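One letter stands for each residue in the lines below.
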Amino acid sequence: MTSPEATQTEDSGPGGYAAARLHLLQEKVRPGPPRRAALARITDDWLAGLFAAAAPPRGTALVAVGGYGRAELSPRSDLDLLLLHDGTADKAAIAALADRIWYPVWDLGLALDHSVRTPAEARATAADDLKAHLGLLDARAVAGDHGLVAALRTTVLADWRNQAPRRLPELDALCRERAERTGELQYLLEPDLKEARGGLRDAQVLRAVAASWLADAPREGLDGARRRLLDARDALHLVTGRATDRLALQEQDAVAGELGLLDADTLLREVYEAARTISYATDVTWREVNRVLKARSARPARLRGLLGGRAGRAGAGKPPVERTPLAEGVVEMDGEAVLALSARPERDPVLPLRAAAAAAQSALPVSLHAVRRLAAAAKPLPVPWPAEAREELVTLLGAGEATVPVWEALEAEGIITQLLPDWERVRCRPQRNPVHTWTVDRHLVETAVRASSLTRRVGRPDLLLVAALLHDIGKGWPGDHSVAGETIARDLAARIGFDRADTAVIATVVRHHLLLVETATRRDLDDPATVQSVATAVGSLGTLELLHALTEADALATGPAAWSSWRASLVADLVKRVAGVLAGAPLPDPEAAAPSAEQERLAIEALRTGEAVLALHTEPVVPEPEEPEPVGVELVIALPDQPGVLPAVAGVLALHRLTVRAADLRAVDLPTDLGPGSVLVLDWRVAAEYGSLPEATRLRADLVRALEGSLDVPARLAEREAAYPRRRGLAAPPPRVTVAAADSRLATVIEVRAQDAPGLLHRIGRALEGAEVRVRSAHVSTLGANAVDTLYVTRPDGTLLADEEAIDLARALESALR
């Protein structure tokens, strides 16, 4: 019986095929595998018609390879075709046949990957080109001599199995190189559905490994995962109208809609789940391949032993399997942690955690069979957990980098959600902030990995590791994740078996895990209210040291942009001050603090000359192993007090490509015998954007010109922004300005959240000058494209703004920044 698709293309040429293809792609009733198979069928029918119309010589065939060979055509897939001939026909006739097929395909604008070969040439190409060999494993006859194609398939498959010991290590290396280049699909905000690790390319590789008969992938869930990625790619092709595999941010909502999903986050979670299944199967499969190849390489030695006269003894060809005990019920065998023969998971509820901890401490993977047996047969832990289970969890978390593959194995089989039910809400949850490297669940594990290297700094390493694992657990719930996380962490800590006091500490650390870094980078540490508020929230020195270590671990696990020696020094300074308060030391009075010797010297010089005086100092920077920091600079400026200083200095710094980290402004009253009036001293912490420091003389000259009005800073900044337009992408959200509840007695605190851009602080300064308020200090925090600038402002006479004045200022500043 003729298919409907074939009927539409029959005797209708390219136009009929194009219409049938368009009709099929516009149908909404059968997306997914049925549509891919139908698209392959109508393409087969059309190409078979072209082949027949060209009157092909005997001994020729048209062959689909790769994804088309698997009948998995996405809307914009390439057509991967091989024109196969037995070598008996005239070369000109073969070339003419190829033209009669290739040109109509090109005329329709379809991408075509084509070749013309004899079976011997195809085999030779496969021997030299691993990718070509993989494509031929899926060869399928479209038209012509099916026997010729079947013979080629048989030969190519036999070659693949015979050459597997040599070609599979080559394929493994190729996969690793690709993963290094493209990243892991399950963590990328804009993933490549095909090339990234855990994507469609890896799913194809698993089929090739299975075809070698050397090893096989875990089958459970693999077909479904592959199908979800193919469906996402189909939707991406339809939405964009392009042959793309990259799921860009701006396309995700439309792709989710095409698939009938709730939103882009739901789409990413499905994609990440699929990628995680394929990645785990990939790890298990390559481990098995390496084990088999290692065993084969050892076989000749055993044969030599047999020939040496031991053949008569029973079992001489099978040396005993070595089993090294790791823990009760757990042994090492063939480089994996497996269950001992005496293990009884149905009677031992702690065994899953004990096996995981033993494997991680020994830097071994847990065997697939062991994990599945534990998932299926292990007796549930009582609630609260016994002390042994809690200790094994802490041991697992404290194993460092080796924790990650073990945790992923447990998670793949559902053991983690059995142990910690709230884990399901953060599993594969995307993080839309590009500063984050990982999904929420992997970030939590990475934070525990980072915290494991900081356990010597705290009195309770167990509380640090568990708090690290739970600190973002609230991200699966609406509202402030720290507030939600506190409640969840309290419940989970009690479930894990911590007593009431320890549970309260874990909950407090989770509630305030962002407190230190946000306060240190966004608040004035010389303000007594800042230090006192942190001391009140933390409550004890023990909790403070846990928070300090978690702050560093959390930032390091977030990504290279989240931590630096500058941030570390600010947090350490805050911790030192808070520790003093918790120990009973009095807070210093910032109003009584005298200017430093350098500030006083510069102020005297500025008052004597009536001009700006400045000094530049390079800050000592601790080199970061992952990401080099910009060169840090302390810039001290003294000049007679006058309007417009903040925007002028901020604008000049932006023109010289210096990023502002913090700014402190103070008026210094000098002895009357040196002259009347006061001097404004500005102490700036800045970073050289490209690692090179500007000359102090050029900075001073531009600053003088900006204050005089001869340097049009806004125009120069606009010119620079126009010369380097922003990359196309999602529109940034509008700026938001709020009055912060800081309880400061020194100033009113205004917080600005906006898209980071050169000259942002200059624009803020101009708006504040227009509002006739005085800036006491400014603190700048930038993560990725987002800037949070905190400004301590007063009236011109130094008094705090009234509530209504502060709200009006915030509204005016927000309006100016829009």
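Calculation criteria
Residues numbered from 1 in each chain as written. Predicted model: local features only at pLDDT ≥ 70, side-chain atom pairs only at ≥ 80, totals over all residues. Heavy atoms only, no water. Helix = DSSP H or I, 4+ residues; strand = E, 2+ residues; numbered from the N terminus. Buried < 20%, exposed > 50% of the residue type's maximum accessible area, 1.4 Å probe, protein only. Contact = heavy atoms within 4.5 Å. Areas by Shrake-Rupley, 256 points an atom, 1.4 Å probe, with all protein chains shown as cover. Lys, Arg positive; Asp, Glu negative; His and termini not counted. Charge placed at Lys NZ, Arg CZ, Asp CG, Glu CD. Expected span 1.5 Å × (residues − 1). Arc of directions from axis to C-beta. Pairing = 2+ DSSP bridges. Axes fitted to C-alpha atoms, helices over the stretch in contact; angles between N-to-C directions. Parallel < 35°, antiparallel > 145°, perpendicular 65-115°, else oblique. Left-handed = near helix turned anticlockwise from the far one by under 90°. Nonpolar A, V, L, I, M, F, W, Y, C, P; charged D, E, K, R; others polar. Salt bridge = Lys/Arg side-chain N within 4 Å of Asp/Glu carboxyl O. Phe/Tyr/Trp six-rings, centres within 6.5 Å; stacked < 30°, edge-to-face > 60°. Lys NZ or Arg CZ within 6 Å of the ring centre and 35° of its normal. Core = buried A, V, L, I, M, F, W, Y, C linked by side-chain atoms within 4.5 Å.

**Student:** Is there a simple way to explain the overall build of the chain in this structure?
**Tutor:** Along its length, the chain carries 33 helices and 15 strands. Projected onto the principal axes, the alpha-carbon positions of the chain cover approximately 110 × 70 × 50 Å. Buried residues in the chain amount to 50% of all 818 residues. Counting only contacts in the chain whose residues sit at least 6 apart along the sequence, the fraction spanning at least 24 positions is 71%. Carbon together with sulfur atoms contributes 52% to the accessible area of the chain, which is approximately 37,200 Å² in total. When the 96 positive and 113 negative side-chain charges of the chain are each reduced to one mean point, those points stand 7 Å apart.

**Student:** Quick question: what am I supposed to make of helix α33 (residues 803-817) here?
**Tutor:** Within an α-helix, residues lying three or four positions from one another point in the same direction, as the helix has 3.6 residues per turn. Taking 1.5 Å per residue as the helical rise, α33 with its 15 residues ought to reach 21 Å, and the 21 Å between its terminal C-alpha atoms agrees with that figure. Of all the positions in α33, only A806, L809, A810, L813 and L817 are classed as buried. One side of α33 carries all its buried residues, which in axial view fall inside an arc of 100°. Exposed residues lying more than 90 degrees from the buried face of α33 are E804, R811 and S815. Buried residues along α33 sit in contact with β12 (736-739), β13 (748-755), α32 (760-770) and β15 (786-794).

**Student:** Mind showing me how you'd approach the sheet that holds strand β1 (residues 60-64) here?
**Tutor:** Sheet strands line up and pair through hydrogen bonds in the backbone, either parallel or antiparallel. Within the open sheet, the four strands sit side by side as β3-β2-β1-β4. Their pairing is mixed. Since the sheet does not close on itself, it has two edges, and those belong to β3 (112-117) and β4 (140-144), each with one partner. Mean inter-strand twist for the sheet, computed between neighbouring axes without regard to direction, equals 25°. In terms of strand pairing, β1 meets strand β2 (residues 79-85) through five bridges, oriented antiparallel. By the bridge assignment for β2, A61 is matched with L84. In this fold helix α5 (residues 91-107) packs onto β1, β2 and β3, with an angle of close to 175° to the strand it touches most, β3. Relative to β3, helix α6 (residues 119-128) is tilted by about 120°, and along the sheet it contacts β2 and β3.

**Student:** Looking at this model, I keep getting lost on helix α28 (residues 597-609). Mind explaining?
**Tutor:** With 13 residues, α28 should cover 18 Å at 1.5 Å per step; its first-to-last C-alpha distance of 18 Å lies within 8% of that length. Phi turns positive one or two residues past the end of α28, at G610, with a value near 75°.

**Student:** Sorry if this is basic, but what is going on with the sheet that holds strand β7 (residues 336-339) here?
**Tutor:** With respect to topology, three strands assemble into an open sheet ordered β5-β6-β7, the strand pairing being antiparallel. Lying at the two open borders of the sheet, with one neighbouring strand each, are β5 (324-327) and β7. Taken pair by pair, the neighbouring strands of this sheet meet at an average axis angle of 45°, ignoring direction. Here β5 runs beside strand β6 (residues 330-333); their pairing, made up of three bridges, is antiparallel. What sits directly across from T324, in β6, is E332.

**Student:** Looking at this structure, how should I read the packing of α6 against helix α8 (residues 146-162)?
**Tutor:** Helices that pack against each other are described as a pair by the angle of their axes relative to one another and the distance between those axes. Two numbers describe how α6 lies on α8: the axes approach to 10 Å, and their chain directions differ by 25°. The angle between the axes of α6 and α8 places the two elements in the roughly parallel class. The handedness of the crossing between α6 and α8 comes out as right-handed. Together, P119, A122 and R123 of α6 and L148, L152, T155 and D159 of α8 make up the contact between the two elements. Residues belonging to the contact of α6 with α8 are distributed by class as follows: four nonpolar, one polar and two charged.

**Student:** When you look at the pattern of salt bridges in this model, what are you seeing that I'm missing?
**Tutor:** Side-chain pairs of opposite charge can arise where the charged atoms are in close proximity. All chains considered together, the criterion is met by 52 salt bridges. Salt-bridge contacts for E195 lead to R201; the nearest nitrogen and oxygen are separated by 2.8 Å. In this structure, D683 and R685 form a salt bridge, with 2.7 Å as the shortest nitrogen-oxygen distance. Residue R685 is classed as partly exposed on the basis of its relative accessible area, which comes to 28%. Among the charged side chains, a salt-bridge network with shared partners connects R70, E72, D138, R207 and R226.

**Student:** Looking at this model, I keep getting lost on the packing of aromatic side chains. Mind explaining?
**Tutor:** Each aromatic ring pair is specified by the distance between its two centres and by the angle formed by the two planes. Tallied over the entire structure, the rule returns four aromatic pairs. Ring plane angle 90° and centroid distance 5.1 Å describe the contact between Y103 and W106, whose orientation is recorded as edge-to-face. Here Y103 and its partner W106 are both found in helix α5, three residues apart, which amounts to about one turn of the helix. We classify W106 as partly exposed; its relative accessible area is 35%. Here the basic side chain of R425 rests over the ring of W477, its NZ or CZ set 3.7 Å away from the ring centre.

**Student:** Please clarify how the nonpolar core should be interpreted in this entry.
**Tutor:** Soluble globular proteins tend to bury their nonpolar side chains together. Of all hydrophobic cores here, the largest spans 91 residues; its most connected members are W385, W407, L420 and W423. In contact with W385, other than residues within four places in its own chain, are L353, R390, L393, L419, L420, R495, I496 and G497. Listed in part, the 52 residues of the second largest apolar core include V645, A650, L665 and V752.

**Student:** How do you make sense of the packing of helix α24 (residues 515-522) against helix α25 (residues 528-538) when you look at a structure like this?
**Tutor:** Running from amino to carboxyl end, α24 crosses α25 at an angle of 180°, the nearest separation of the two axes being 11 Å. Taken together, the axis directions place α24 and α25 in an arrangement best described as roughly antiparallel. In this structure, α24 uses L515, L516 and T519 to contact α25, whose residues at the interface are T530, V534, A537 and V538. Its residues assigned to classes, the contact of α24 with α25 comprises five nonpolar, two polar and no charged.

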